[in-house]
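Structure at a glance
This is what each chain is made of:
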Amino acid sequence: MLRENEIISKVLLTVDQYKGKVSSLRTGISNDTYLRSENFSRLLLWKVCLITDSLNIQKWDEALSASRIVYTQILKRPDMAIPWDQLEPDNVFYIPRKTTRRETNTIKKVINNLERVHIDDDPLTADNNKQGNHSNIHLPTDLELLEIITLDIERIFPGNELFHAPTTDALNHRRTLVQILYIWSKCNPSVGYKQGLHELLGLVYLNLWRESIEIPNTNTISTDDLKILKLYNVKYLAHDLFSMFNKFVMQSGIGPKYFESEQELFKSIQTFDMYLLKVDQLIHYNLTNKLKLESPLWLIRYLRLLLSRELGNDLECVSIFWDKLIGGNCSTTSSNTSGITIGNIGIGGDKPNGNTITTIPDLLTFSVIILLIHIKTDLITSDFSEALSLLLHYPIAKISGKYSSKADFISKLYKDAVSLYERRDNDKKLYEYGLKLNTHYNPNLKITMSYRSSEEVERSKEEKLKFEKLRMEMRLKKKVKSMMG
Amino acid sequence: MSGRKKTLLKVIILGDSGVGKTSLMQQFVNSKFSHQYKATIGADFLTKEITVDGGKQVTLQIWDTAGQERFQSLGVAFYRGADCCVLCYDVTNEKSLNNLASWKDEFLIQSNVANPADFPFIIIGNKIDVDESKKIASLQKKLNNVTSNQLGGLNYPVFETSARDAINVEPAFEVVAKMALQQEELNEAGNDVSDDYNDAINIHLESESSSCMC
């Protein structure tokens, strides 16, 4: 009961501290008070933001049940049965048709259950009609889809104990990931499965698993306490993960903007280039005009994985970053919610209060810009290969090492990104804030490019020459240093 | 200051997801093999300086790409200016062998090279360390079908490698470098890259006091 009691007390203290309001909890994420509190629970934060949308414990029960039943129903659909038995027998996920393992039983039950379950408000099929322009794309067969996913899940977070210990447990964890991705892709054919989705799901899984518990089968727990523990019930980890992943990927715009089609991905990259030009004209000029290093070469990974490769291998840094993205209270002052409606999966009661996850793509774009400002001096003194290497192997340890902790680094990163986000509609303010950031992060770099509205892109010869001169001096200095060093 | 330009050779590795493109690159550049590499998202990139026969120093710029998606327009950025293309398959995966031709087509369409008919490609069949029983049945015959097909066959040098056991990786990339160098020399006239150090000299002529940049 120790763990249960600990969870219950943490949750009660959190609800009490934030007066049962999600908006207050979000403030606690933005200003770090909750993040650094000893009562912090990532599971609580993510599930509250992505499932219950309420910090009122009384409402959790209903919201969780509503959300969990979706996955339960989908699992029963014959067209969602996973063809494990069609895999090559040497595939670790292969299950012969006639074994009596639990998973196979479930599948067999599903296959035998000829009565198709009809879900009227199935949120996942709502999008299926808008994929008219994808008709020329070859949709993989069920087996192909399963093979692609297993290939990627086999190499998810190499070396991670939970997923790669040589045990059945580890295999089962991986199998759960495969299952969720398979079903999710079939429910979202406009996006389908694309590489990268597996790591997004994997990181959510790791974080939720850590805090999930088995609910003891005793009658010594009060009804109220059970309502709290329900949130942490490991038995529904996959169910919750499915709903959360769907909301996190689809409603935030991550899926539609970065994964769904090449055109949308290209647009997102253009948006990044546009904001970079507004915030730091020098970095933009250096990459685009001087080095001719096109953003798609490196930016695709930054965007699709929400910086999970760039922020370090231990996954702690990126998890904190996601706490901010998912739980922060960056408000969408302009009504720029994208037109994606995926029903009301798991939304129980409270209306989304303007602090929605639709801010994620813009916040991510601005975070990337800040990361570039951090390495600006190195970028300027690099040739094409060096610059691309730097971007593809972002020197996170060097940058975050300047802060007292990883959490501190992420906190500043997020704060800067929000400051830019709030100025996103005003070019002049973006430019000025860019100058401010540079004064702070690059005090020794005494060169700027004058403000320019996006219409007049061409720079004066004088300005270009000034930049070239500085760049060469810095490069020569670097060379001399390396020769002497 | 020597006036010699650094020879930079751009090499693209293509092939289906999971055939071992990242492993090959890592084995060649860093002489290491990790049991598992993460799936490549977008692209990755490493460079290695090597000496090609005749003692010429070149820098190989090796581009590792994601094998699952084929980008229609973004691909141009990856393939532009390539000097050699490595087509990879997995000797245990027949589909990956059969897809080589479409990877080649993909490359030619995107890269828009001047000499598609004699642009240097090489083929690498990776994972030869695995158990014989797992290999594609009658591999040689199937490989011959792919390489010496009368119509648009992939008539290129073939290497069978193991990135895991470092078998044949080095020799394969030596051939890559040689072929890339030839291609580069072919294109050199039309492809003059601006030289940083000449810029530097010009700029220094009208130099003024500079601020400290440390």
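Going by an unreviewed UniProt entry, chain B carries the name Ypt/Rab-type GTPase Ypt7p and comes from [Candida] anglica. Within the UniProt record for chain B, the comment given under Sequence similarities (unreviewed entry) is "Belongs to the small GTPase superfamily. Rab family."

Chain A carries the name GTPase-activating protein Gyp6p in an unreviewed UniProt entry, which gives [Candida] anglica as its organism.

**Focus: the sheet that holds strand β5 (residues 121-126) of chain B**
Residues and elements named next belong to chain B. Strand order across the open sheet formed by six strands is β2-β3-β1-β4-β5-β6, with mixed pairing between neighbours. Pairing within the sheet leaves two strands with one partner each, and these edge strands are β2 (43-52) and β6 (158-160). Averaged over all pairs of adjacent strands, the angle between their axes in this sheet comes to 25 degrees, without regard to strand direction. In this sheet, β6 lies alongside β5 in parallel orientation, the contact comprising three bridges. Bridge pairing in β6 places Ile-124 opposite Phe-159. Running at roughly 40 degrees to β2, helix α1 (residues 21-30) makes contact with β1 (7-15), β2, β3 (56-65), β4 (84-90) and β5 of the sheet.

**Re helix α21 (residues 406-422) of chain A**
Residues and elements named next belong to chain A. If you check α21, its first and last C-alpha atoms are 24 Å apart, about what 17 residues at 1.5 Å a residue would give, namely 24 Å. Across the 17 residues that make up α21, a large majority, 12, are buried. Within the span of α21, buried status applies to Asp-408, Phe-409, Ile-410, Ser-411, Leu-413, Tyr-414, Asp-416, Ala-417, Val-418, Ser-419, Leu-420 and Tyr-421. Looking at the packing, one finds that the buried side of α21 touches α2 (22-30), α13 (262-279), α16 (316-327), α17 (360-374), α20 (396-400) and α22 (427-441).

**Quick word on the nonpolar core**
The tendency in soluble globular proteins is for nonpolar side chains to be buried side by side. Among the nonpolar cores identified, the biggest contains 169 residues, and Leu-197, Trp-298 and Trp-322 of chain A together with Phe-107 of chain B are the most heavily contacted of them. Broken down by element, this core gets its largest block of residues, 10 residues, from α17 of chain A. Apart from the residues lying within four places of it in its own chain, the contact partners of Trp-298 of chain A are Phe-272, Leu-287, Leu-293, Val-368, Leu-372, Leu-388, Leu-391 and Leu-392 of chain A.

**Let's talk about the interface of chain A and chain B**
Each partner contributes residues to the interface: chain A has 52 residues there, and chain B has 46 residues. The largest share of the area that chain A buries against chain B comes from Gln-195, Glu-262 and Lys-469 of chain A, three residues that together contribute 16% of it. Our count for the contact surface shared by chain A and chain B stands at three salt bridges. Residue Lys-95 of chain B pairs with Glu-144 of chain A through a salt bridge whose shortest N-O separation is 3.8 Å. Viewed at the interface, chain B and chain A are joined by 13 residue pairs in polar contact (both at pLDDT 80 or more). Among the secondary structure elements, those contributing two or more residues to the side of chain A that touches chain B are α6 (142-153), α9 (197-211), α13, α15 (296-304), α19 (384-392) and α23 (461-484) of chain A. Top element by residues in the side of chain A that touches chain B is α23 of chain A. It accounts for 12 residues. Along the lines of polarity and charge, the residues of the side of chain A that touches chain B split into 20 nonpolar, nine polar and 23 charged.

Procedures and definitions
Residues numbered from 1 in each chain as written. Chains lettered and ligands numbered in written order. Predicted model: local features only at pLDDT ≥ 70, side-chain atom pairs only at ≥ 80, totals over all residues. Heavy atoms only, no water. UniProt positions renumbered as here; feature names shortened; annotations may be inferred. Pairing = 2+ DSSP bridges. Helix = DSSP H or I, 4+ residues; strand = E, 2+ residues; numbered from the N terminus. Axes fitted to C-alpha atoms, helices over the stretch in contact; angles between N-to-C directions. Contact = heavy atoms within 4.5 Å. Expected span 1.5 Å × (residues − 1). Buried < 20%, exposed > 50% of the residue type's maximum accessible area, 1.4 Å probe, protein only. Core = buried A, V, L, I, M, F, W, Y, C linked by side-chain atoms within 4.5 Å. Buried area = accessible area lost by both parts, 1.4 Å probe. Salt bridge = Lys/Arg side-chain N within 4 Å of Asp/Glu carboxyl O. Polar contact = N/O pair within 3.5 Å; in protein donor to acceptor, adjacent residues only side chain to side chain. Nonpolar A, V, L, I, M, F, W, Y, C, P; charged D, E, K, R; others polar.

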